[in-house]
Amino acid sequence: MTANHFVSRAPANSMILGEHSVVYGQPAIACGLEQWIEIQWTPIHTPTIEIESELGSFQTDLDNIQIDSKLKFIGHALKAFQKQLSSQQLGWQLKVHSEFSSTIGLGSSAAVLAACLAGLNHVCRTNQDFSELWHIGKKIIVDIQGRGSATDLAASLFGGLVFFQPPTKNQRLKIESISANLNLILVYCGYKTATAEVLAQVAQNWQNKPQELTKIYQKMGSITQHAYQALLHNRLSVFFLCIEQYQACMRELGVSDATLEKIIDLLNHCPNIQAAKISGSGFGDCALGIGEFFPERDDNNLLTHCPIKTELSEYLQLQLPISNQGAHLIHTMKKDIH
């Protein structure tokens, strides 16, 4: 028997606008980034799935797929396609490789889920488009985390810069590519808090002011809509103003801690950075600077010709292009299975 050996890959991702409010039905803008998670798929002669990852190794039977606690997103994706996988009576070895750390807030869980869904779509010949794969992945994210908008999954599946409108009772899912030239820098503050924990903290802090909280989310949604229109019409000055307005909402929400505020202030004092804000749910993770950044670098890939270079150099800086591609396959060779 002959089967294809191939690689599925998906980009890292970053939220640009829409944190918190997207969970409550408001739109978001996110992007895929030029850092990749790859899964190498090798057919094997036993009816098993073997997974090798930096997070751990695991093996399970095709007829009764089990889920390892360290590899939940891959495990749940495999489980979603179990019927098609078991009918093939052909096993697979999955080797997972990431170009970036899972600790620095580049959406590694969504990226590995996107790469796995793309691979399973090929292996099982289900021919589902990215929107259909997104719905499968969204259910997986909610099953694992309890809640989540899956904006990051949309960014890793589609790639590029995307406008994301989550499905609600009154609106259908919308994922639209945006053509815009943005230069991004992410500055990692050194720690992160799980999104579910941040959402729970916000809910607790605002439990006696539900109407005021709803107004903040509605304001965030309005800002994101204005930013989307600004990008469509290449009005970058309006877009940068929206970034600043959204950060003000994050402060009002109470999730912009002292370290993030320090980094944002430093970024705002850098030449050619037009706007800065939190990227993520807050209480850690990354700050995002947007603008034409420094093409000239020193040996440590840190900022040059910046008056506050020393203050920023204590933080991990990632200047990453927006990816042109989303999740896709690389076909490498065929392997005979005996």
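One can find the structure itself at the top, above this paragraph.
Note that this is a predicted model, so its numbers are computed, not measured.

Caption draft 1: Broad picture of the overall build of the chain. Helix and strand counts for the chain stand at 10 helices and 12 strands. In terms of overall dimensions, the chain is globule-like: its C-alpha atoms have a radius of gyration of 21 Å, near the 20 Å expected for 338 residues. Based on the C-alpha atoms only, the size of the chain along its principal axes is roughly 65 × 50 × 35 Å. Buried positions account for 53% of the 338 residues belonging to the chain. Taking all contacts inside the chain whose residues are at least 6 apart in sequence as the whole, residues at least 24 apart take part in 71%. Of the roughly 15,400 Å² of accessible surface on the chain, 46% is carried by carbon and sulfur atoms. Looking at the chain, you have 25 positive and 30 negative side-chain charges, and the mean spots of the two groups are 8 Å apart.

Caption draft 2: Quick peek at helix 5 (residues 151–158). Among the 8 residues that make up helix 5, 6 are buried, leaving the element largely enclosed by the rest of the structure. All of the buried residues in helix 5 are Thr151, Leu153, Ala154, Ala155, Ser156 and Leu157. Looking at the residues trailing helix 5, positive phi occurs at Gly159, about 70°.

Caption draft 3: Representation of the nonpolar core within the structure. Ranked by size, the top nonpolar core spans 108 residues in total, and within it Ile16, Ile29 and Phe239 carry the most contacts. The residues contacting Ile29, other than those within four sequence positions of it, are Met15, Ile16, Leu17, Leu161, Val162, Phe163, Ile178, Thr224, Ala227, Tyr228 and Leu231.

Caption draft 4: Expanded view of the state of the cysteines. Scanning all chains against the criterion turns up 0 disulfides. Cys124 supplies the cysteine sulfur nearest to Cys116, a cysteine that is in no disulfide, at a spacing of 9.8 Å. Cys116 gets classed as buried once you look at its relative accessible area, which sits at 0%. The structure places no disulfide on Cys189, whose sulfur is separated from the nearest cysteine sulfur, that of Cys286, by 7.3 Å.

Caption draft 5: Examining the pattern of salt bridges more closely. One pass over the full model with this rule turns up 6 salt bridges. A salt bridge links Glu19 to Lys277; the shortest N-O distance between them is 2.8 Å. Of the two residues, Glu19 sits in the loop between strand 1 (2–17) and strand 2 (28–44) while Lys277 sits in strand 9 (residues 273–279), which places them 258 residues apart along the sequence. Its relative accessible area of 3% is what places Glu19 among the buried residues. For Lys277, a relative accessible area of 0% gives the class buried.

Caption draft 6: Representation of the side chain of Asp285. On the secondary structure map, Asp285 appears in the loop between strand 9 and strand 10 (286–291). Beyond its immediate stretch of four places on either side in the chain, Asp285 contacts Ile104, Gly105, Val187, Tyr188, Cys189, Tyr191, Lys192, Leu260, Ser279 and Gly280.

Caption draft 7: Structural view of the packing of helix 3 (residues 108–123) against helix 5. As a packed pair, helix 3 and helix 5 sit with axes 8 Å apart at the nearest point and diverge in direction by 50°. If you check the angle between helix 3 and helix 5, you find them oblique. Along this stretch, helix 3 crosses helix 5, giving a crossing that reads as right-handed. Contacts between helix 3 and helix 5 involve Ala110, Ala111, Leu113 and Ala114 from the first element and Asp152, Leu153, Ser156 and Leu157 from the second. Within the contact of helix 3 with helix 5, the residues separate by chemical class into 6 nonpolar, 1 polar and 1 charged.

Caption draft 8: Quick look at the sheet that holds strand 8 (residues 184–188). If you walk across this open sheet you meet the 4 strands as 9-10-8-11, and the pairing is antiparallel. Strand pairing shows two members of the sheet lacking a second neighbour, strand 9 and strand 11 (316–318), which therefore form its edges. Strand after strand, the sheet turns through a mean of 20° between neighbouring axes, direction not considered. Here strand 8 runs beside strand 11; their pairing, made up of 3 bridges, is antiparallel. Each bridged residue has a counterpart across the sheet, and for Tyr188 the counterpart in strand 11 is Leu316. Along the sheet face, helix 8 (residues 236–253) touches strand 9 and strand 10 and points at about 35° away from the line of strand 9.

So, how was this worked out
- Residues numbered from 1 in each chain as written.
- Predicted model: local features only at pLDDT ≥ 70, side-chain atom pairs only at ≥ 80, totals over all residues.
- Heavy atoms only, no water.
- Helix = DSSP H or I, 4+ residues; strand = E, 2+ residues; numbered from the N terminus.
- Rg over C-alpha atoms; globule rule 2.2 N^0.38 Å.
- Buried < 20%, exposed > 50% of the residue type's maximum accessible area, 1.4 Å probe, protein only.
- Contact = heavy atoms within 4.5 Å.
- Areas by Shrake-Rupley, 256 points an atom, 1.4 Å probe, with all protein chains shown as cover.
- Lys, Arg positive; Asp, Glu negative; His and termini not counted.
- Charge placed at Lys NZ, Arg CZ, Asp CG, Glu CD.
- Core = buried A, V, L, I, M, F, W, Y, C linked by side-chain atoms within 4.5 Å.
- Disulfide = S-S within 2.5 Å.
- Salt bridge = Lys/Arg side-chain N within 4 Å of Asp/Glu carboxyl O.
- Axes fitted to C-alpha atoms, helices over the stretch in contact; angles between N-to-C directions.
- Parallel < 35°, antiparallel > 145°, perpendicular 65-115°, else oblique.
- Left-handed = near helix turned anticlockwise from the far one by under 90°.
- Nonpolar A, V, L, I, M, F, W, Y, C, P; charged D, E, K, R; others polar.
- Pairing = 2+ DSSP bridges.

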